[in-house]
Each structure stands twice: as structure tokens, then as C-alpha cells.
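As a plain string of letters, each chain reads:
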Amino acid sequence: MKNDRLNHADFLGAFALRHLFNRVIGQLHHCLQHGHRYDEAPAWEGPSGFLVRGGVA
């Protein structure tokens, strides 16, 4: 049972990293396409308008 939980946690961690990587690549691609400079503040702004740091807005 313990191994199943650990495997599930590894899967979720890999999913989260993949999602983060795809988001970064998408943001960089957008900047390159439109000739914008990459700015961290609007790129990582949460829905409430606060900069998201460490998964907490």
C-alpha cells in the first residue's frame, strides 16, 4: 500500500513539473513571437492580480 502512495505522489510531482515547464515555454514562445521582453511579474500573476510565489498568491 505504501508503494502505491509513493508512486502516486511521484506521478503528481512529475505532472506538476511538466505543467510548469509547458507554461514557461509557452510564455517564452509568446514573447519571441511578439517581440516582447520577458517580464516575470505579469507572467506569474495569479487571477487575483497578486504575484504568485511558491504556489501561494
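Residues numbered from 1 in each chain as written. Predicted model: local features only at pLDDT ≥ 70, side-chain atom pairs only at ≥ 80, totals over all residues. Heavy atoms only, no water.

Participant: Which parts of the structure should I look at to understand the overall build of the protein?
Facilitator: Along the backbone of the protein there are two helices and zero strands. Evaluated residue by residue, the protein yields a buried proportion of 9% over its 57 residues. (Helix = DSSP H or I, 4+ residues; strand = E, 2+ residues; numbered from the N terminus. Buried < 20%, exposed > 50% of the residue type's maximum accessible area, 1.4 Å probe, protein only.)

Participant: Would you mind going over a nonpolar patch on the surface with me for this structure?
Facilitator: A grouping of Phe 21, Ile 25, Leu 28 and Tyr 38 is seen on the molecular surface, where their side chains present a nonpolar patch of about 370 Å² in accessible area. Relative to the assigned elements, Tyr 38 resides in the loop between helix H1 (2-34) and helix H2 (40-43). The partly exposed category is assigned to Tyr 38, whose relative accessible area is 37%. (Patch = residues over 30% accessible without salt bridge, like charges linked within 9 Å, V, L, I, M, F, W, Y side chains within 5 Å. Areas by Shrake-Rupley, 256 points an atom, 1.4 Å probe, with all protein chains shown as cover. Salt bridge = Lys/Arg side-chain N within 4 Å of Asp/Glu carboxyl O.)

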